[in-house]
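# Summary of the model geometry
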Amino acid sequence: MRITVDHDLCDGLGQCALVAPEVFSLDDDERLVVAPDPAPELAGRVAAAARACPVRAIAVEGA
Amino acid sequence: MHEVVVVGAGLAGVRAGGSLRARGFSGALTVVSDERELPYDRPPLTKQLITGAVAEADIRLAGAEDFGARWVRGAAAVGLDRERRRVRLADGSELSYDGLVLATGARARAWPGEVPAAGVLTVRGLDDVRGLRAAVDGGAREVVVVGAGFVGVELASSLTELGLGVRVTLVEPFARPLRALGGAVSGLVAGAARRAGVELRLGVGVRGFRSVGERVGGVELADGQVLPAELVVVAIGMAPATGWLVGAGLALPSGRVHCDERLFARTAGVAGVTDPRIVVAGDVAWCDAVRAADGPVPLEHWSNAAAQGELAAGNLLAGPAAAEPYVHVPSFWTSAFGLRIRSVGLPGTGDRVVVEEGDPDSGKLVEAHYREGRLVGAVSVNLGRRLAAYAGRLQEERAGEPVPGGSVA
């Protein structure tokens, strides 16, 4: 599973972190942090997190 | 299922269409919209679109072109005949269905009294934003925004940010802006608005409008004062677009479509009966799965429209017996005057608010809202990183809740 975040689009809204908190989180300045190498069984949640992004900043391959 | 009709082409409708195809529906799919626009996203309208930070092309809803639907645009649905399974359109034509998604959303609430012929606007759709920008670009500098809810506050912020010298007065009959969020947020927003040059008139209602010729010239407040105005934006909430469903035999509490926990529309009359061919999604839904202490509450949030659109479509295809319940922690965001505000759960429904991180003086905080000792929601200002943890707690509390009807999940 390969996760790509377009940081120009990402506005730190954190909707992805609500859906898949194991993989997506915000730092103190509300910037997005993505965990490396998420477990394959999280693929469904990662895909849902990408769909939950209002600005479509997250792309997932192999999920 | 061979013929599905989706009424409404906002986020909920578009997600429903995409979800139908993603789940293998290969029949005829028709999407009906009373707007002529291609489907677009709503949150940027009052923020980045009005300031010009994004263009119209940037707010098109992704995926709407991809699911092979027949689009009927600029056509309002005006009636529903559930027995014959037909949706009637304004031009008199009818669409037959064996599955129907109701996603007509809401309209801006109009001012309940008389308004001058020109210069008083509401903002809900793309056309409204074009009209507002045109008025400002055409020289309107004295702008009165009536209502300090989310739309009013976002617009006041955006108009101030334009750098065109627009003077904004924000009028709110309640004592606080964004009062739905409770706690310290209102005070932070009020302070930030004042620092940005917005004049706040809180705790005073609007009695009516003054005209100069056909145009608005002023706003008369309940205390008799008249504010000069070249342009007025009325932002007093929204009304669900369900007028076309009156008489269809569906339950319409508060004007929304009542649906069960699996998003099937409840019928009027006999309690507990749903129409297995009709699902509901988005602002128009009054869903049994979205509850505060005293019953279902409407949600007018982006994330709710997206999630309900997807699930409604899946459940329509699966049928009531195999359908899944809607499990969703509400989440919401807004930004204005440099404050980035996020919430999870239903913060307005608590009886106690605790600042659990940061503090109002620093402009960064997380507030938790409790009701009878149980977490019901959380709000962050410029400190969103902990909200995921609160969302997790809300999900766990929900899982332990008694299910309406007596059994325990």
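Just above, that's the structure.
Keep in mind it's a predicted model, so treat the numbers as computed, not measured.

Summing up its helical and strand segments, chain B has seven helices and 28 strands in all. The C-alpha extent of chain B, read off along each of the three principal axes, is 60 × 55 × 40 Å. When contacts within chain B are restricted to residue pairs at least 6 apart in sequence, those whose partners lie at least 24 apart make up 62%. In the form shown here, chain B has an accessible surface area of approximately 16,700 Å², with 49% of it arising from carbon and sulfur atoms.

A separate point is the sheet that holds strand β13 (residues 206–212) of chain B. Residue and element names in this part refer to chain B. Strand order in the open sheet formed by three strands is β13-β14-β15, with antiparallel pairing between adjacent strands. Unpaired on one side and paired on the other, β13 and β15 (226–228) mark the two borders of the sheet. Mean inter-strand twist for the sheet, computed between neighbouring axes without regard to direction, equals 30 degrees.

Residues and elements named next belong to chain B. Core analysis: the biggest nonpolar cluster contains 63 residues, and Leu-80, Val-87, Leu-100 and Leu-102 have the highest contact counts within it. With seven residues, helix α6 (residues 302–318) is the single largest residue contributor to this core. Among the nonpolar cores identified, the runner-up in size contains 43 residues, and Tyr-40, Val-129, Val-233 and Leu-365 belong to it.

Once that is clear, we can look at the packing of helix α1 (residues 11–22) of chain B against α6 of chain B. When two helices pack together, you describe them by how their axes are tilted relative to each other and by the distance separating the axes. All names here are of chain B. Across the interface, α1 lies against α6 with an axial gap of 7 Å and an inter-helix angle of 35 degrees. Crossing hand, α1 versus α6: right-handed. The segment α1 lies against α6, with Leu-11, Ala-12, Arg-15, Ala-16, Ser-19 and Leu-20 engaging Trp-302, Ala-305, Ala-306, Gly-309, Glu-310, Ala-313, Gly-314 and Leu-317.

Conventions used here
- Residues numbered from 1 in each chain as written.
- Chains lettered and ligands numbered in written order.
- Predicted model: local features only at pLDDT ≥ 70, side-chain atom pairs only at ≥ 80, totals over all residues.
- Heavy atoms only, no water.
- Helix = DSSP H or I, 4+ residues; strand = E, 2+ residues; numbered from the N terminus.
- Contact = heavy atoms within 4.5 Å.
- Areas by Shrake-Rupley, 256 points an atom, 1.4 Å probe, with all protein chains shown as cover.
- Pairing = 2+ DSSP bridges.
- Axes fitted to C-alpha atoms, helices over the stretch in contact; angles between N-to-C directions.
- Core = buried A, V, L, I, M, F, W, Y, C linked by side-chain atoms within 4.5 Å.
- Buried < 20%, exposed > 50% of the residue type's maximum accessible area, 1.4 Å probe, protein only.
- Left-handed = near helix turned anticlockwise from the far one by under 90°.

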